[in-house]
Amino acid sequence: MKRAILLLFRFYQVVISPIKPPTCRFYPTCSHYGIQAVSRFGALRGGYLTIKRILKCHPFHPGGIDHVPEEWAERNKKQNQD
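The structure reproduced in this document is the subject of the present report.

Each value, and the rule that gives it
- Counting restarts for each chain, with residues numbered from 1 along the sequence as it is written.
- pLDDT decides what is reported in this predicted model: residues at 70 or higher carry local features, side-chain atom pairs at 80 or more are listed and counted, and totals for whole chains, interfaces and linings draw on all residues regardless.
- Note: side-chain values were computed over all heavy atoms of the structure, leaving out hydrogens and water.
- Whenever a carboxyl oxygen of Asp or Glu lies within 4 Å of a side-chain nitrogen of Lys or Arg, that contact is scored as a salt bridge.
- Only DSSP runs of H or I covering at least 4 residues are called helices, and only runs of E covering at least 2 are called strands; the numbering of each starts at the N terminus.
- Burial status follows relative accessibility: with a 1.4 Å probe on protein chains alone, a residue under 20% of its type maximum counts as buried, one over 50% as exposed, and anything between as partly exposed.
- Note on aromatic contacts: the rings of Phe and Tyr and the six-membered ring of Trp form a pair at centre separations within 6.5 Å, being stacked when their planes are under 30 degrees apart, edge-to-face when over 60 apart, and tilted otherwise.

Enumeration over the complete set of coordinates arrives at 3 salt bridges. Measuring nitrogen to oxygen at the nearest pair gives 3.9 Å for the salt bridge that ties Arg 40 to Glu 70. Of this pair, Arg 40 sits in helix H2 (residues 30–55) while Glu 70 sits in the loop between strand S2 (64–65) and helix H3 (75–81); the two residues are 30 residues apart in sequence, bridging distant segments of the chain. Note on Glu 70: relative accessible area 64%, which makes it exposed. A salt bridge links Asp 66 to Lys 56, with the shortest nitrogen-to-oxygen separation between them at 3.3 Å. Residue Asp 66 is found in the loop between S2 and H3, and its partner Lys 56 is found in the loop between H2 and S2; the two are separated by 10 residues along the sequence.

Inspection of every chain in the model, using the stated rule, returns 2 aromatic pairs. Their ring planes at 65 degrees and their centres at 5.7 Å tell us that Phe 41 and Trp 72 sit as a pair that is edge-to-face. Of this pair, Phe 41 sits in helix H2 while Trp 72 sits in the loop between S2 and H3, placing them 31 residues apart in sequence. Taking relative accessible area as the criterion, Phe 41 reaches 18% and is therefore assigned buried.

Listed below in structure tokens is the structure:
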């Protein structure tokens with residue numbers, strides 16, 4: 001599953017992206033972000049982070065630098081430490 005998703009991202013970068021004008025408002029681009037997220041966290045968690053990132057891509061969001069987190073942030077992690 002992970003490999004198939006990574007191949008889809010590469011297909012987009014090689015075939016589709018060159019025919020479109022550059023319009024990304026984030027660094028790294030969403031396709032690079034997706035590759036990093038899926039490589040680091042797997043298909044489900046990386047896919048979730050990528051979808052969350054793509055949903056931020058609209059004219060009312062300022063964009064900017066948005067790197068893939070180093071670790072998976074769990075909501076319960078904070079609660080258990082208190």
